[in-house]
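The residues making up each chain are set out below.
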Amino acid sequence: MALKSNLRLRGTRFHFRRKLTSEIAARFGRREIVCALKTSSVRLAAIRAREAWLAIEEVIRRVTDEPTITKEQIDEMVRLAIESMAWEDEVLLARTG
């Protein structure tokens, strides 16, 4: 199965990768956003990548709409967006061991 362009396999786990346009990259101070999807399943990785895409799109929309947001605030927004993607199976595993 061919991988979507925003999925990367590192070892046995998938990661989400979102390239940023040059205008947005200048505001973010980086050219891409990468986060672990915490799965080795292609199907589950594709689902989680869509969720990650939407979360990062929301951050990009807010940054685009509010030109006074600082780089530190953007970094915090990205961090919170990534942290908010705690998937139910990972949370259940963490709680029950």
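Before reading on, note that the structure itself is shown above.
Everything numeric in this text was worked out from a predicted model, so none of it was measured. (Residues numbered from 1 in each chain as written. Predicted model: local features only at pLDDT ≥ 70, side-chain atom pairs only at ≥ 80, totals over all residues. Heavy atoms only, no water.)

**Some words on the overall build of the protein chain**
- Along the backbone of the protein chain there are four helices and three strands.
- In the protein chain, the succession of helices and strands from N to C terminus is β-β-α-β-α-α-α.
- The 97 residues of the protein chain split such that 33% are buried.
- Pairs at least 24 apart in sequence give 56% of the contacts found in the protein chain among residues at least 6 apart. (Helix = DSSP H or I, 4+ residues; strand = E, 2+ residues; numbered from the N terminus. Buried < 20%, exposed > 50% of the residue type's maximum accessible area, 1.4 Å probe, protein only. Contact = heavy atoms within 4.5 Å.)

**Topic: the pairing of strand 1 (residues 7-10)**
- As paired elements, strand 1 and strand 2 (residues 13-19) share four bridges and run antiparallel to each other. Directly across from Arg10, in strand 2, lies its bridge partner Arg13.
- Count of turn residues in the strand 1/strand 2 antiparallel hairpin: two residues, of which Gly11 carries a positive phi of about 70°. (Pairing = 2+ DSSP bridges.)

**Thoughts on the nonpolar core**
- In terms of nonpolar packing, the biggest core is built from 25 residues, with Phe16, Leu20, Phe28, Leu37 and Val59 touching the most fellow members.
- Within the residue set of this core, elements represented by two or more residues are strand 2, helix 1 (22-28), strand 3 (32-36), helix 2 (42-65) and helix 3 (71-83).
- Considering each element in turn, this core owes the most residues, nine residues, to helix 2.
- Those residues in contact with Leu20 that sit more than four places away from it in its chain are Ala25, Phe28, Arg30, Arg31, Glu32, Ile33 and Ile60. (Core = buried A, V, L, I, M, F, W, Y, C linked by side-chain atoms within 4.5 Å.)

**Overview of the packing of aromatic side chains**
- Tallied over the full model, the rule gives one aromatic pair.
- Ring centres of Phe16 and Trp53 lie 6.4 Å apart, and the angle between their planes is 85°; this geometry places the pair in the edge-to-face category. Of this pair, Phe16 sits in strand 2 while Trp53 sits in helix 2, and the two are 37 residues apart along the sequence.
- Residue classification places Phe16 among the buried positions, given a relative accessible area of 0%.
- A cation over an aromatic ring shows up here: Arg18 above the ring of Trp53, its NZ or CZ 3.9 Å from the ring centre. (Phe/Tyr/Trp six-rings, centres within 6.5 Å; stacked < 30°, edge-to-face > 60°. Lys NZ or Arg CZ within 6 Å of the ring centre and 35° of its normal.)

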